Amino acid sequence: MKPKYFFLLCLSFYILNSTFLIGTVRYVSKTGTNTPPYTSWQTAATSIQPCINLCVDGDTIYVANGIYKENLVINTAISLIGSSMDSTVIDGTGLGDYTVVFSAGGIIENFNIYGKSETVLTSRVIRFNNISSNLIIKNCNLSDAGVGVSMVGGDVDAQNLLIKNVTRGFNVFGYYKNTITNCTVLLDKENSIGVSIGYSPSVDNYINNNIILFSGTTHPQHGISIGAPRSVYIYNNLISGFVDNIFIDSPYDTVYIKNNVLNYQFVVGGSPASINAGNNRFKVNNVVLANNKYAIIANGNPKIDYNIFWKNQRNLIGVNYGDSDIVADPMFVKDTLPNAQLDFDYHLQAYSPAIDKGDPNILD
């Protein structure tokens, strides 16, 4: 057989078989007729859970704008897609502790989801309980619970989330890989933690391009709390206002902290720091540390370089400056205490001493 025709035959076979791998598309709408199996907008289910109950692995559910007062239990690997992260509302106020609980992998995106109550610390907006699959959470507002995203098991890919009115943004364990990207976590409760990474000795965690802020007046805890994972990559984040903006306990490998702004640490007694570690299993490059009580505290003299320090009560304890570290005003465009209104601007002004002074091996 000629290569051209063999390729076309293989392509046709792939397309034909791919059509059988695509699951059923189902619909939920307040204006539907609530007629199973809910396979059109006209016959759409009027609530979400009955539609979920008919699904098998690979199905997709589209949900129209509206307020859906319910808790969801999802035991099959489905895609649950809302119409808008503002106007497609899953309201778990006053209901069970878990507003949306996944026992299988899947996708959830474009929802505004309320937990049971921001005063109920055991409540979770989204809970993931499967040790062998992946959950993708995209373009959602999560609020009013003890924890925004709680995961015990597989791996989570969280993208473009706004999390507020919680005590803990993410509570992450796992067996594979966890990624938190382009999320905004706004906290103001006592004992707040932005991202908590627990015991996961075989897992790499990626926390990139996020804003994690504490703007309350009571005692918070950590912006990122690192327990015992394998490695953690913390790149391009703004983390501000916590007792320890990054707290490092006992990672099995290395915590890489690059291209971050860590500032305005919550001042308390004792020896907290913007980066606080009892070990040397971390590396710090291209980080701005400003307006903290202590910038970095560690044991074992970990490797740091190409950072800028400014207006900290003390810059380093148990750490030595790198050859290219700078102590100078970074000259932000609008250097104000970060708040929930996000009216600061941490871009660099012209002639800032930080411009082109970072590690040349790291892209801005």
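A quick note: this is a predicted structure, and the numbers were derived from the prediction, not measured.

Colleague: Tell me what's going on with the packing of aromatic side chains, and back it up with residues and numbers.
Modeller: On inspection of all chains with the given rule, the structure shows 11 aromatic pairs. Ring-pair connections join several aromatic residues into one group, and the members of that group are Tyr-206, Tyr-233, Tyr-235 and Tyr-256.

Colleague: Explain the side chain of Thr-184 to me, using residue names and the numbers behind them.
Modeller: Along the chain, Thr-184 falls in strand E13 (residues 184-187). Excluding its chain neighbours within four sequence positions, the residues that come into contact with Thr-184 are Leu-161, Leu-162, Ile-163 and Ile-211.

Colleague: Summarise the nonpolar core; cite the residues concerned and give the values.
Modeller: Grouped together as the largest cluster of nonpolar side chains are 74 residues, with contacts concentrated most on Ile-126, Leu-161, Phe-170, Ile-257, Ile-275, Phe-282 and Ile-296. Not counting residues within four places of it along the chain, the set of residues in contact with Phe-282 comprises Ile-248, Thr-254, Val-255, Ile-257, Ile-275, Ala-277, Ile-296, Ala-298, Pro-302 and Lys-303. Counting residues in each nonpolar core, the second largest holds 12 residues, with Leu-238, Val-261, Phe-332 and Tyr-346 among its members.

Colleague: Would you mind going over the pairing of strand E8 (residues 106-114) in detail, with residue names and values included?
Modeller: Buried residues dominate E8, accounting for 7 of its 9 residues. As defined by bridge partners, strand E5 (residues 78-82) adjoins E8 across 4 bridges and the pair is classed as parallel. Residue pairing in the sheet places Ile-78 in a bridge with Gly-106 of E8. As paired elements, strand E6 (residues 88-91) and E8 share 3 bridges and run parallel to each other. Note that in E8 the partner of Asp-91 across the bridge is Tyr-114.

Colleague: Report on the confidence of the model for the protein chain, specifying residues and quantitative values.
Modeller: A residue-level look at the protein chain finds 93% of positions with pLDDT of 70 or above and a mean pLDDT of 90. Contacts from residues 3-21, a stretch scored under 50 in pLDDT, to residues over four places away or in other chains number 2 contacts.

Colleague: Outline the pattern of salt bridges, listing residues and values.
Modeller: Side chains bearing opposite charge may pair, as long as their charged atoms lie close to each other. Inspection of the entire model under this criterion finds 6 salt bridges. With a shortest N-O distance of 3.7 Å, Asp-91 and Lys-69 are connected by a salt bridge. With Asp-91 in strand E6 and Lys-69 in the loop between strand E3 (66-68) and strand E4 (72-74), the pair connects residues that are 22 residues apart, well separated along the chain. Exposure remark for Asp-91: the relative accessible area of 16% places this residue in the buried category. Lys-69 sits in the partly exposed class, given a relative accessible area of 47%. The shortest N-O distance in the salt bridge between Asp-188 and Lys-189 comes to 3.1 Å. Through salt bridges that share partners, Glu-118, Asp-188 and Lys-189 make up one connected network.

Conventions adopted
Residue numbers here run from 1 along each chain, matching the order of that chain's written sequence. Owing to the predicted nature of the model, reporting of local features is limited to residues with pLDDT of at least 70; listing and counting of side-chain atom pairs is limited to 80 or more, with chain, interface and lining totals taken over all residues. Values shown for side chains rest on all heavy atoms present in the structure; no hydrogens or waters enter the calculation. Within 6.5 Å between ring centres, the rings of Phe, Tyr and Trp (the latter by its six-membered ring) count as paired, and their orientation is classed by plane angle as stacked under 30 degrees, edge-to-face over 60, tilted in between. Each helix is a run of H or I in the DSSP string that is no shorter than four residues. Each strand is a run of E no shorter than two, and both are numbered from the N terminus. What makes two residues a contact is simply this: any of their non-hydrogen atoms within 4.5 Å. Each nonpolar core is a collection of buried residues, namely Ala, Val, Leu, Ile, Met, Phe, Trp, Tyr and Cys, held together in the definition by side-chain atoms within 4.5 Å. Categorising residues by exposure relies on relative accessible area from a 1.4 Å probe, with only protein chains included: less than 20% of the type maximum marks a residue as buried, more than 50% marks it as exposed, and the intermediate range marks it as partly exposed. Think of it this way: DSSP has to see at least two bridges between two strands before they count as a pair. Confidence per residue, as judged by the predictor, is encoded in pLDDT with a range of 0 to 100. Think of a salt bridge as a Lys or Arg side-chain nitrogen and an Asp or Glu carboxyl oxygen that are within 4 Å of each other.

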